[in-house]
Amino acid sequence: MDWFEHNAWMVWLVLALVLGGIEMLSLSLVFVMLSGGALAALVTALLGGPAWLQGLVFAVVSVAMIAFVRPVAVKHMRPGIEDARTNVDRLIGTSATVVEPVDAARGLVKIGGDVWTARAERGEFLPGDLVKVVAIDGATAVVAPSGSTSPYRS
């Protein structure tokens, strides 16, 4: 027991490293919080705190980090479903430039460098107009007025 009292900081350091390693494998954000508690206990050991205080610091800091830090970290690491749009869903709400006249039946727009067939949700648009993509219907972009007209309109 005498050895532990003089070398407790090494035990806490090894525990922090092991828990950090487990976190790298699991990515659960639990083991890193426990590792933070072990680092707090390490500081307590280096300051000469008794073993019971080191254990208490480890427990309190670990629980506090799991309760308060982990939820915030998880929220930032795992975006909501509305933030994780993929493929054509990403195009909805983006601006497009009319390449060929667009009406309710046909037309062409340029969206982010790609030319898409398009149809107007309402109204008609001339080449150079800026429109907003409101939906994707198969391989056709459904567009609506964006509220501004391109200065490059021909």
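Residues numbered from 1 in each chain as written. Predicted model: local features only at pLDDT ≥ 70, side-chain atom pairs only at ≥ 80, totals over all residues. Heavy atoms only, no water.

**Q** Got a sec to walk through the overall build of the protein? Specific residues and values, please.
**A** When helices and strands are tallied, the protein shows three helices and five strands. Taken from N to C terminus, the helices and strands of the protein fall in the order α-α-α-β-β-β-β-β. Taking the contacts inside the protein whose residues are at least 6 apart along the sequence as the reference set, 40% of them involve residues at least 24 apart. (Helix = DSSP H or I, 4+ residues; strand = E, 2+ residues; numbered from the N terminus. Contact = heavy atoms within 4.5 Å.)

**Q** Outline the pattern of salt bridges, listing residues and values.
**A** Per the counting criterion, the structure on display carries two salt bridges. Aspartate 137 serves as the salt-bridge partner of arginine 119, at 3.1 Å between the closest nitrogen and oxygen. Of this pair, arginine 119 sits in strand E3 (residues 114–120) while aspartate 137 sits in strand E4 (residues 129–137), placing them 18 residues apart in sequence. Classification of aspartate 137 as partly exposed rests on a relative accessible area of 45%. Of the charged contacts, one joins glutamate 121 and arginine 122 as a salt bridge, the two residues approaching to 3.0 Å between their closest N and O atoms. (Salt bridge = Lys/Arg side-chain N within 4 Å of Asp/Glu carboxyl O. Buried < 20%, exposed > 50% of the residue type's maximum accessible area, 1.4 Å probe, protein only.)

**Q** How would you sum up the UniProt feature "transmembrane region" (unreviewed entry) in the protein? Please name residues and give values.
**A** According to UniProt, the feature "transmembrane region" (unreviewed entry) maps to residues 50–69 in the numbering used here. A helix fraction of 95% and a strand fraction of 0% characterise residues 50–69, whose end C-alpha atoms lie 27 Å from each other. (UniProt positions renumbered as here; feature names shortened; annotations may be inferred.)

**Q** Let's hear about the packing of helix H1 (residues 2–26) against helix H2 (residues 31–46): which residues, and what values?
**A** The geometry of H1 relative to H2 is characterised by a closest axis approach of 8 Å and an angle of 165° between their N-to-C directions. Between H1 and H2, the angle is such that the two are roughly antiparallel. Of the two elements, H1 crosses H2, and the hand of that crossing is left-handed. Listed contacts from H2 to Ala8, Trp9, Trp12, Leu13, Leu15, Ala16, Leu19, Gly20, Ile22, Glu23 and Ser26 of H1 are Phe31, Val32, Leu34, Ser35, Ala38, Leu39, Ala41, Leu42, Ala45 and Leu46. Among the residues forming the contact of H1 with H2, the class breakdown is 17 nonpolar, three polar and one charged. (Axes fitted to C-alpha atoms, helices over the stretch in contact; angles between N-to-C directions. Parallel < 35°, antiparallel > 145°, perpendicular 65-115°, else oblique. Left-handed = near helix turned anticlockwise from the far one by under 90°. Nonpolar A, V, L, I, M, F, W, Y, C, P; charged D, E, K, R; others polar.)

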